[in-house]
Amino acid sequence: QVQLVESGGGLVQAGGSLRLSCAASGRTFSNYAMGWFRQAPGKEREFVAGINWKGGRTHYLDSVKGRFTISRDNAKKTVYLQMSSLKPEDTAVYYCAAAQGPIATMTRLENTYEYDYWGQGTQVTVSS
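Keep in mind it's a predicted model, so treat the numbers as computed, not measured.

A closer look at the pairing of strand E1 (residues 4–7)
Put simply, side chains in a regular strand alternate between the two faces of the sheet. Side chains Leu-4 and Glu-6 project from E1 onto a buried face, and the interleaved Val-5 and Ser-7 project onto a face without burial. Sheet analysis places E1 next to strand E3 (residues 18–24), joined by four bridges and oriented antiparallel. Bridge pairing in E3 links Leu-4 to Ala-24.

Structural data, given as structure tokens:
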């Protein structure tokens, strides 16, 4: 069992930065690939970034490449999403999620059904 708790959301002006954190409980955090998703009002949940269990491979939504960076610290059982050059269209509730088992291809992390556990979400609002 893994419990995930996101933090770090808030209100920021366009062009600003935020760093989201996702703290995990449980002893097997390092066995999980991790992902960040977001959901804006009236829209479907959307993949943002994913990272494999060791942290050596990452995958991003095209629209956030070069602006967002996902990373993890297995010793701290935490995954991060550093967001820079934020845009109003980045406004959403951001969720982290954990996917157990080996991930053969990083594109699999784009799919919500690959994940076993989800956090409760943290609101990010970018003002223009």
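Observations regarding the pattern of salt bridges
By the definition in use, this model includes five salt bridges. Taking the shortest distance from any N to any O, the salt bridge between Asp-90 and Arg-38 comes out at 2.9 Å. A residue pair is termed long-range when its members are at least 10 positions apart, and Asp-90 in the loop between strand E8 (78–83) and strand E9 (92–100) and Arg-38 in strand E4 (residues 32–39) qualify at 52 residues. On the accessibility criterion, Arg-38 (6% relative accessible area) is buried. For the salt bridge of Lys-65 with Asp-62, the shortest nitrogen-to-oxygen distance reads 3.0 Å. The class for Asp-62 is exposed, based on a relative accessible area of 61%.

Some remarks on the state of the cysteines
Scanning the entire structure with this criterion turns up one disulfide. The partner cysteine of Cys-22 in its disulfide is Cys-96, sulfur to sulfur 1.9 Å. On the S-S bond that ties Cys-22 to Cys-96, the torsion sits near 45°, and the link is right-handed. Note that Cys-22 is positioned in strand E3 and Cys-96 in strand E9, a separation of 74 residues in sequence. Across the pair, exposure class does not vary: Cys-22 and Cys-96 are buried alike.

Quick word on the nonpolar core
Counting residues in each nonpolar core, the largest one holds 31 residues, and the members touching the most others are Leu-4, Met-34, Trp-36, Leu-81, Met-83 and Tyr-94. Where this core is concerned, the elements lending two or more residues are E3, E4, strand E5 (46–51), strand E7 (68–73), E8, E9 and strand E11 (122–127). With nine residues, the next largest nonpolar core counts Ala-97, Ala-99, Ile-103 and Leu-109 among its residues.

Regarding the sheet that holds E1
Taken in spatial order, the four strands of this open sheet run E1-E3-E8-E7, and their pairing is antiparallel. Whereas interior strands pair on both sides, the edge strands pair on one side only; in this sheet they are E1 and E7. Shown here is a sheet whose adjacent strand axes are inclined to one another by a mean of 15°, direction ignored.

The rules behind the values
- Residues numbered from 1 in each chain as written.
- Predicted model: local features only at pLDDT ≥ 70, side-chain atom pairs only at ≥ 80, totals over all residues.
- Heavy atoms only, no water.
- Buried < 20%, exposed > 50% of the residue type's maximum accessible area, 1.4 Å probe, protein only.
- Helix = DSSP H or I, 4+ residues; strand = E, 2+ residues; numbered from the N terminus.
- Pairing = 2+ DSSP bridges.
- Salt bridge = Lys/Arg side-chain N within 4 Å of Asp/Glu carboxyl O.
- Disulfide = S-S within 2.5 Å.
- Core = buried A, V, L, I, M, F, W, Y, C linked by side-chain atoms within 4.5 Å.
- Axes fitted to C-alpha atoms, helices over the stretch in contact; angles between N-to-C directions.

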